[in-house]
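Inside the fold
Below, each chain spelled out in residue letters.
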Amino acid sequence: MPALESAAMFGDLVTLIRRPLAGLNRIDRERPLSLGMLALALSVLLPAGVAELGALGPYRRPSNLAALPSLTAQGTDIYARWSYAHRFALPVYGVLISLGLWVLAAAVIHAIARTLGGVGTFSGFFKLAGYVALVGLLALPFGLLGAVARLAGDARLEMGTSQLAGLVSLAIFLWQNVLLIYAARQHYAISTERAVAAVIGPIGGIAVLGLALVIVGAVLFVLSQSA
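Fair warning: this is a prediction, and the values are worked out from it, not measured in the lab.

The rules we used
- Residues numbered from 1 in each chain as written.
- Predicted model: local features only at pLDDT ≥ 70, side-chain atom pairs only at ≥ 80, totals over all residues.
- Heavy atoms only, no water.
- Helix = DSSP H or I, 4+ residues; strand = E, 2+ residues; numbered from the N terminus.
- Contact = heavy atoms within 4.5 Å.
- Areas by Shrake-Rupley, 256 points an atom, 1.4 Å probe, with all protein chains shown as cover.
- Phe/Tyr/Trp six-rings, centres within 6.5 Å; stacked < 30°, edge-to-face > 60°.
- Buried < 20%, exposed > 50% of the residue type's maximum accessible area, 1.4 Å probe, protein only.
- Lys NZ or Arg CZ within 6 Å of the ring centre and 35° of its normal.

On to the overall build of the protein chain. Within the protein chain, the secondary structure is distributed over nine helices and zero strands. The order of α-helices and β-strands along the protein chain, N terminus first, is α-α-α-α-α-α-α-α-α. Counting only contacts in the protein chain whose residues sit at least 6 apart along the sequence, the fraction spanning at least 24 positions is 75%. Accessible area for the protein chain stands at about 12,400 Å²; split by element, carbon and sulfur atoms hold 71% of it.

Next comes the structure, spelled out in structure tokens:
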């Protein structure tokens, strides 16, 4: 039975990619919450597994440090050493943070959608959000190629793959936001304008907050290491 459910989940993913509206409608009507939770779990665990594989690669000092300003080069070198020292723990932290952000985003979107006159349930929308998160696995092959390049010590391939993976991840993130808008509109039976307000506000706020925390944390870390 679990195998059949997993097959159905990935079949839904294919439909969600090829025919998003039809896929969201079928997931909303026919799929249980457990599949949405499984989809969310896989969306964060599989990339973490690939990151753990890449962590087996050797340490390489960042290139072109001599071309950077002194303080920037020092901070880059310190961060690279710290990242390598914690390379196996960072993917675990990433799993916890990603899960927390998806749950938080779904909860805030639900609250806003209901405030705007929506009639759906949190569990129903959370199921859809789990499937939307699963779309992120489209970037997994690029991450796997980067991990293999790191293991092989091919710095040029690793850099090129990382840059491509970043662009693909950005495109997927934008598409996920569009899918969340469609999901909110359908599940809560609200207008597109209200769905946009329910989704873009929380997602933008969480993204800005996360970026701010990363910047502040990086600055404090570099200052503490330089003291």
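Glancing now at the packing of aromatic side chains. Enumeration over the complete set of coordinates arrives at two aromatic pairs. Ring geometry for Phe122 against Phe126: centres 5.6 Å apart, planes inclined by 25 degrees, an arrangement best described as stacked. With Phe122 and Phe126 both in helix H6 (residues 122-134) and four residues apart, this pair spans about one turn of that helix. Here Phe122 falls in the partly exposed class, since its relative accessible area comes to 31%. Between Phe125 and Tyr188, the ring centres sit 5.5 Å apart and the planes meet at 40 degrees, which makes this aromatic pair tilted. On the criterion of sequence distance, the pair formed by Phe125 in helix H6 and Tyr188 in helix H8 (residues 155-188) is long-range, its members being 63 residues apart. Considered together, Phe125 and Tyr188 belong to a single accessibility category, that of buried residues. In this structure, Arg87 is placed above the aromatic ring of Tyr84, and the distance from its NZ or CZ to the ring centre is 3.9 Å.

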